[in-house]
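Residues per chain, in single letters:
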Amino acid sequence: MILYHEWFLFVDANRDKSKVSPIHSYDIVIGPIADDGVVLQLTNYREGIYSPEQAAKLLQDKFLDQQYYFGTERALCYLNKLNVESV
């Protein structure tokens, strides 16, 4: 089960422009894409309108595509090119 408020806080921390270094050292992160709806709830959270739990609950039933982050050389070693197509 996804803990949406933890994911929400993770997204918020990663979007904090005052941070100069990464907030984590994970090799690979897989999770929902933070779209415009997420950005709106991040703004509401930062302005004190919602708690992380409230903002995450508003996003919980929304379908968000998955994204994959490969953040280290070690993670990139697991990728293999399968095919190349010209379009």
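Residues numbered from 1 in each chain as written. Predicted model: local features only at pLDDT ≥ 70, side-chain atom pairs only at ≥ 80, totals over all residues. Heavy atoms only, no water.

**Q** Before we go on, may I ask you to explain the pattern of salt bridges in this structure?
**A** A side chain with one charge can pair with a side chain of the opposite charge if their charged atoms come near. This structure, assessed with the given rule, holds 2 salt bridges. Here Asp27 ties to Arg74 by a salt bridge, and the two come within 3.3 Å at their closest N and O atoms. Highlighted residues: Asp27 in the loop between α1 (4-14) and β1 (28-32) and Arg74 in helix α4 (residues 73-76), separated in sequence by 47 residues. For Arg74, a relative accessible area of 55% corresponds to the exposed category. (Salt bridge = Lys/Arg side-chain N within 4 Å of Asp/Glu carboxyl O. Helix = DSSP H or I, 4+ residues; strand = E, 2+ residues; numbered from the N terminus. Buried < 20%, exposed > 50% of the residue type's maximum accessible area, 1.4 Å probe, protein only.)

**Q** When you look at the confidence of the model for the protein in this model, what are you seeing that I'm missing?
**A** Close inspection of predicted coordinates is inappropriate for parts of the model with low pLDDT. Of all residues in the protein, 97% attain a pLDDT of 70 or more, and the chain-wide mean is 84. Per-element confidence in the protein is highest for α4, whose mean pLDDT is 94, and lowest for α1, whose mean pLDDT is 81. (pLDDT = per-residue confidence, 0-100.)

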